[in-house]
Amino acid sequence: MFKRLRDGLLGRTEPDQQEIAQTAVSPEADEAVEIDETDETDEAVDASEVGEALPIEPPPAALTTSASGVPEPATTLPELEAGDASPGDDIADLSGSDTGEQERRGFFRNPFKFSLGKTRQIFGQINTAFDEADDITEALWDELEETLITADVGVQTTESLMDTLRERVQAEGMKRGSELRDALKEELEILLGDPESLVFSDTSPISVYLVVGVNGVGKTTSIAKLANLLKKQKHRVLLAAGDTFRAAATEQLRTWGERIGVQVVAHQHGADPAAVVYDAMQAAQARGADVLIVDTAGRLHTKYNLMEELKKIVRVLQKYDPEAPHEVLLIVDATTGQNGFIQAKQFVKDAGVSGIILTKLDGTARGGIAFAIAAELGLPIKYAGTGERVNDIAPFDAQEFVDALFGDE
Ligand SMILES: Nc1nc2c(ncn2[C@@H]2O[C@H](COP(=O)(O)OP(=O)(O)OP(=O)(O)O)[C@@H](O)[C@H]2O)c(=O)[nH]1
Ligand SMILES: [Mg+2]
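Bear in mind that the values here come from a model prediction, so they are computed numbers and not experimental data.

When you look at the packing of helix α8 (residues 177–192) against helix α15 (residues 398–405) in this model, what are you seeing that I'm missing?
Two numbers describe a pair of packed helices, the interaxial angle and the distance between the axes. Between α8 and α15, the shortest axis-to-axis distance is 9 Å and the interhelical angle comes to 140°. Judged by the sense of rotation from one axis to the other, the crossing of α8 with α15 is right-handed. Contacts between α8 and α15 involve Lys-185, Leu-188, Glu-189 and Leu-192 from the first element and Ala-398, Gln-399, Phe-401 and Val-402 from the second. Residues that form the contact of α8 with α15 fall into these classes: five nonpolar, one polar and two charged.

Take a look at the structure:
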């Protein structure tokens, strides 16, 4: 994992704690802020650039910095609250909608049972065809191929699956449609791989997760869901509002923070995201956080260079911890199907992604994108977003996902 991070946007710089201390928040940094668009790819971050770019807005009340810029000792700051992790405890439904008791019970049995929407319908049709087929006919093969393509499994992954299955049918002497279905399920689970949980730092007290992805895919919502989940697991979570580009982005994260009881470090609109992250790292240390999740802007293909901005954020994080971020989580919107997949490829190439959160599975027939992501990007899907509510997130589990697709949960 770390190798992949190193090879991506995470150009390593040696930590220099002294430099960090010397160039911490300057109280004079109250001039109008301009986002720095110069190319700094190959330079190690000079933390003074962060200091210079500091925003006009004073830090949040709890984020106190002394005149020298050194954070106040942890004892003077409010400690973050860890959540109540009572087992089986349901997460408060913040949306106000109610799924009903029966559905709730189903949710805990298999989180995908009620949330795979139209993708499940598509697989349901082929499932019926498999059950009815006494012979594995060419028509059945055609129907299978059409199903996989329709569900946005992608041409490459579909072809490879079809080849593998044809070989297995021959080698294992399968005769009935139901046997082919079982083989398909096995192959789909193999594609998705074993569940992989979040990586926590074993060298630093703070695990940092950088959340990236294009506009509107569900970054901020997923951060809130993840923060809520981690808080319930007794983690002390802090959020950094690193999307300073979109006017309402910071407010959105703050609102989520209030709803789930998680603190947010934010600057004003237009501030340097690296400065936000710099302050957030200080705050995380001072307040005893063990998880820092960083929201980022999602624009791509514009004048502004998102990838350079992400690299700068990473350089700032690495001043504190050369292993940070411990995860770069790419949010992929399942409803965008193969388009989202192409965008994802760009992030994987440039941003050293370590894992995927696949969102909006509830509203799409294109949930098959999960297989393309796993097979072609070789990245683990760590969580799935299954709705707009704060508890609509599930650790991704291949067997549960495939079972739900085939109605076998
Ligand atoms: N149905 C459904 N909607 C979701 C899910 N995740 C996010 N959304 C919705 O998608 C929309 C965009 O979500 P945001 O979290 O604001 O997306 P973002 O990536 O932060 O967007 P930008 O900040 O503009 O780049 C919101 O309306 C969310 O409620 C999901 O799993 N299912
Ligand atoms: Mg956002």
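Looking at this structure, I do not really get the pairing of strand β4 (residues 291–296). What am I missing?
Note on strand geometry: in a regular strand, side chains alternate between the two faces of the sheet. Of all six residues in β4, six are buried, a share of seventy percent or more. Going residue by residue along β4, you find Val-291, Ile-293 and Asp-295 tucked away on one face and Leu-292, Val-294 and Thr-296 tucked away on the opposite face as well. Relative to β4, strand β1 (residues 207–212) runs parallel, the two sharing four bridges. Residue Tyr-209 lies in a different strand from β4, and its bridge partner there is Ile-293. Bridging between strand β2 (residues 237–242) and β4 involves six bridges; their strand directions are parallel.

Mind showing me how you'd approach helix α10 (residues 249–260) here?
An α-helical segment advances 3.6 residues per turn. Residues three or four places apart therefore align on the same side. Look at α10: 17 Å from first C-alpha to last across twelve residues, which is about the 16 Å you get at 1.5 Å a residue. Of all the residues in α10, the buried ones are Ala-249, Thr-250, Leu-253, Trp-256, Gly-257 and Ile-260. Each buried residue of α10 sits inside an arc of 125° when the element is viewed along its axis, so together they form one side. Turning to α10, the residues buried within the fold contact α9 (219–232), β2, β3 (263–265) and β4. Count one or two residues on from α10 and you reach Gly-261, which has phi positive near 70°.

It is not clear to me how the confidence of the model for the protein should be interpreted in this structure. Could you clarify?
Low-pLDDT portions of the prediction should not be read for the details of their coordinates. When the pLDDT values of the protein are averaged, the result is 78; 72% of them are 70 or greater. Across residues 1–8 the pLDDT falls below 50, and counting only partners more than four positions away or on other chains, this stretch makes 14 contacts in the model.

Which parts of the structure should I look at to understand the nonpolar core?
Buried together is how nonpolar side chains tend to be arranged in soluble globular proteins. Ranked by size, the top nonpolar core spans 103 residues in total, and within it Leu-239, Val-277, Ala-280, Leu-292, Ile-293 and Val-294 carry the most contacts. No other element matches helix α11 (residues 273–287), which puts ten residues into this core.

Can you walk me through the pairing of strand β6 (residues 355–359) in this structure?
Taking burial as the measure, the five residues of β6 include five buried ones, the bulk of the element. With burial as the criterion, each face of β6 is covered, one bearing Gly-355, Ile-357 and Thr-359 and the other bearing Ile-356 and Leu-358. In this fold, the crossover linking strand β5 (residues 327–333) to β6 by way of helix α13 (residues 337–351) has right-handed handedness. Where β6 meets strand β7 (residues 381–385), three bridges bridge the pair, whose relative direction is parallel. Each residue of the ladder has a partner; that of Leu-358, found in β7, is Ala-384.

Cut-offs and rules
- Per chain, residue numbering runs from 1 following the sequence as it is written.
- All chains are assigned letters beginning with A, and all ligands numbers beginning with 1, in the order in which they are written.
- This being a predicted model, a pLDDT of at least 70 is required before a residue's local features are given, and a value of 80 or more before pairs of side-chain atoms are given or counted; all residues contribute to the totals for chains, interfaces and linings.
- Inter-axis angles, ranging from 0 to 180 degrees, are taken between N-to-C directions of lines fitted to C-alpha atoms, where helices are fitted over the stretch in contact.
- Only DSSP runs of H or I covering at least 4 residues are called helices, and only runs of E covering at least 2 are called strands; the numbering of each starts at the N terminus.
- Here a crossing is taken to be left-handed if its near helix is turned anticlockwise relative to the far helix by less than a right angle, and right-handed if that turn runs clockwise.
- Here the contact rule is simple: place C-beta atoms from the backbone, and any two residues whose C-beta atoms are within 7 Å are in contact.
- We call Asp, Glu, Lys and Arg charged. Ala, Val, Leu, Ile, Met, Phe, Trp, Tyr, Cys and Pro are nonpolar, and the rest, Gly among them, are polar.
- Exposure classification rests on a simple neighbour count of other C-beta atoms within 10 Å of a residue's own: a residue reaching 20 or more is buried, one at 12 or fewer is exposed, and one in between is partly exposed. C-beta atoms are placed from the backbone.
- In this description, strands pair whenever DSSP reports at least two bridges between them.
- Take the number of residues in a helix, subtract one, and multiply by 1.5 Å to get its expected span.
- As used here, the arc belongs to the directions running from the helix axis to the C-beta atoms.
- By definition, pLDDT measures how confident the predictor is in each residue, and it falls between 0 and 100.
- Each nonpolar core reported here comprises buried Ala, Val, Leu, Ile, Met, Phe, Trp, Tyr and Cys residues connected via C-beta atoms within 7 Å.
- By definition, the crossover connecting two strands over a helix is right-handed if that path, from the first strand to the second, turns clockwise as seen with the strands pointing away from the viewer.

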